[in-house]
Amino acid sequence: MMRLKELRLLNGLTQKQIAEKLNIRQNTYSQYENGNREIPLQSLIALSDIYDTSIDYIVGITDYDTAYPRNK
């Protein structure tokens, strides 16, 4: 999950700020970034919204960082 840290830093955010947006503790988010804890689907969806990218990009399936069009 190295992209989590990269995305967070590119957006000028701290772990604490992201954790607050996800309604989790900072150390839980840190474990996500370090790969020590799996990220729940709802958190992945929220992270893709926060960073305006796809879940595929966050988890390293693709190098294409543009978000997919959303269904309305």
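Here is what the cut-offs are and how they apply
Residues numbered from 1 in each chain as written. Predicted model: local features only at pLDDT ≥ 70, side-chain atom pairs only at ≥ 80, totals over all residues. Heavy atoms only, no water. Helix = DSSP H or I, 4+ residues; strand = E, 2+ residues; numbered from the N terminus. Rg over C-alpha atoms; globule rule 2.2 N^0.38 Å. Contact = heavy atoms within 4.5 Å. Lys, Arg positive; Asp, Glu negative; His and termini not counted. Charge placed at Lys NZ, Arg CZ, Asp CG, Glu CD. Phe/Tyr/Trp six-rings, centres within 6.5 Å; stacked < 30°, edge-to-face > 60°. Buried < 20%, exposed > 50% of the residue type's maximum accessible area, 1.4 Å probe, protein only. Lys NZ or Arg CZ within 6 Å of the ring centre and 35° of its normal. Arc of directions from axis to C-beta. Salt bridge = Lys/Arg side-chain N within 4 Å of Asp/Glu carboxyl O.

Caption draft 1: Seen up close, the overall build of the chain. Of the regular secondary structure elements, the chain holds 5 helices and 0 strands. Helices and strands appear in the chain in the N-to-C order α-α-α-α-α. For a compact globule of 72 residues, the expected C-alpha radius of gyration is about 11 Å, and the chain comes in at 11 Å, within 12% of that figure. With the principal axes as the frame, the chain shows a C-alpha extent of 30 × 25 × 25 Å. Across the chain, contacts joining residues at least 24 apart in sequence account for 40% of those joining residues at least 6 apart. Seen as two clouds, the 9 positive and the 9 negative side-chain charges of the chain have centres 8 Å apart.

Caption draft 2: Expanded view of the packing of aromatic side chains. By the definition in use, this model includes 1 aromatic pair. Considering the side-chain rings of Tyr-29 and Tyr-32, the 6.2 Å spacing of their centres and the 75 degrees angle between planes classify their relative orientation as edge-to-face. Of this pair, Tyr-29 and Tyr-32 both sit in helix 3 (residues 26-34), separated by 3 residues, roughly a single helical turn. Like Tyr-29, the residue Tyr-32 is buried in the burial classification. One cation-aromatic arrangement involves Arg-3 over Tyr-57; the distance from NZ or CZ to the ring centre is 4.0 Å.

Caption draft 3: Quick look at helix 4 (residues 41-51). Residues of helix 4 that are buried: Ser-43, Leu-44, Leu-47, Ser-48 and Tyr-51. For helix 4, the angular spread of buried residues about the axis comes to 140 degrees, placing them on one side. Buried residues in helix 4 make contact with helix 1 (2-10), helix 2 (15-22), helix 3 and helix 5 (55-58).

Caption draft 4: A look at helix 1. All of the buried residues along helix 1 are Arg-3, Leu-4, Leu-7 and Arg-8. Seen along its axis, helix 1 keeps its buried residues to an arc of 135 degrees; they face one direction. Exposed positions of helix 1 whose direction lies more than 90 degrees from the buried face are Met-2, Leu-9 and Leu-10. Packing partners of the buried residues in helix 1 comprise helix 2, helix 3, helix 4 and helix 5.

Caption draft 5: Quick peek at the pattern of salt bridges. A full pass over the atoms with the stated rule returns 2 salt bridges. Among the ionic pairs, Arg-3 bridges to Asp-63, the shortest N-O distance being 2.4 Å. Placement of Arg-3 in helix 1 and of Asp-63 in the segment after helix 5 is noted, with a sequence separation of 60 residues between them. Between Glu-33 and Arg-8 there is a salt bridge; the shortest N-O distance is 2.5 Å. Taken together, the positions of Glu-33 in helix 3 and Arg-8 in helix 1 put the pair 25 residues apart, joining distant regions of the chain. A single burial state applies to Glu-33 and to Arg-8, both of which are buried.

Distances and angles like these do not, on their own, reveal function.
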